[in-house]
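# An overview of the molecular structure
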Amino acid sequence: MSEKTYTRQEVSKHCSLDSLWIIYNDDVFDVTNFVVEHPGGEEVLKGNGGKDATQEFDDVGHSASAIAKMQSLRIGRIEGAKPREERKKEIKKTTTTSAPKQQESGGLGLLKIPIIIIVLAVVAYFFMGEQ
């Protein structure tokens, strides 16, 4: 059974909250009914609507449950994309030959720096206010 395929041009027409599709790893997802549930808010989805959101999705570092949920929204594949089985084999090859990933730190990332600065400023304000 062949799956439904869409051109990138077809997907690009679905960029409003009434009909919102995204592309991830050459799969097409209809996220229209998921907008309200999306933890990152509707603007994130709408900003990527009708486009390939692979890089943005991967940059956020979604959980396994988010990826599982996403599969239920899959409606097809981009026309001309490699079949999913071939893609899985390709991904497996590159991940087994690549260098080990660095262990990621806590979820705050670059937010730690401004938080530390704010805490130090508050401490300094109260310390200077006592004198």
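Residues numbered from 1 in each chain as written. Predicted model: local features only at pLDDT ≥ 70, side-chain atom pairs only at ≥ 80, totals over all residues. Heavy atoms only, no water.

Per an unreviewed UniProt entry, the protein goes by Cytochrome b5 heme-binding domain-containing protein and derives from Dictyostelium firmibasis. What UniProt records for the protein under Cofactor (unreviewed entry) is the sentence "Fe cation". (UniProt positions renumbered as here; feature names shortened; annotations may be inferred.)

## Concerning the overall build of the protein
When its secondary structure is counted, the protein shows six helices and five strands. Along the protein, helices and strands appear, N-terminal first, in the series β-α-β-β-β-α-α-α-β-α-α. Burial status across the protein gives 21% buried among its 131 residues. Accessible surface computed for the protein: about 10,000 Å², of which carbon and sulfur atoms make up 59%. (Helix = DSSP H or I, 4+ residues; strand = E, 2+ residues; numbered from the N terminus. Buried < 20%, exposed > 50% of the residue type's maximum accessible area, 1.4 Å probe, protein only. Areas by Shrake-Rupley, 256 points an atom, 1.4 Å probe, with all protein chains shown as cover.)

## Considerations on the UniProt feature "transmembrane region" (unreviewed entry) in the protein
Here the UniProt feature "transmembrane region" (unreviewed entry) sits at residues 110-128. Annotated as residues 110-128, this span is 89% helix and 0% strand, and its ends, taken at the C-alpha atoms, are 28 Å apart.

## Some details on unusual backbone geometry
One non-glycine residue with positive phi stands out, namely Asn-25, at about 50°. Mapped onto the elements of the fold, Asn-25 is located in the loop between strand E3 (19-24) and strand E4 (27-30). Of note in the backbone geometry, Asp-26 takes a positive phi value of approximately 70° without being a glycine. Assignment of secondary structure puts Asp-26 in the loop between E3 and E4. Relative accessible area serves as the criterion here: at 21%, Asp-26 is assigned to the partly exposed category.

## Things to note about the pairing of E3
Note on strand geometry: in a regular strand, side chains alternate between the two faces of the sheet. Counting buried residues in E3 gives five out of six residues, a clear majority hidden from the surface. Here strand E2 (residues 15-16) pairs with E3 via two bridges, running antiparallel. Residue Cys-15 lies in a different strand from E3, and its bridge partner there is Leu-20. Hairpin connection of E2 to E3: two residues between the antiparallel strands. Bridge count for E3 against E4 is four bridges, and the pairing is antiparallel. Pairing of Tyr-24 across the sheet is with Asp-27, part of E4. Linking E3 to E4, which pair antiparallel, is a turn of two residues; within it Asn-25 sits at a positive phi near 50°. (Pairing = 2+ DSSP bridges.)

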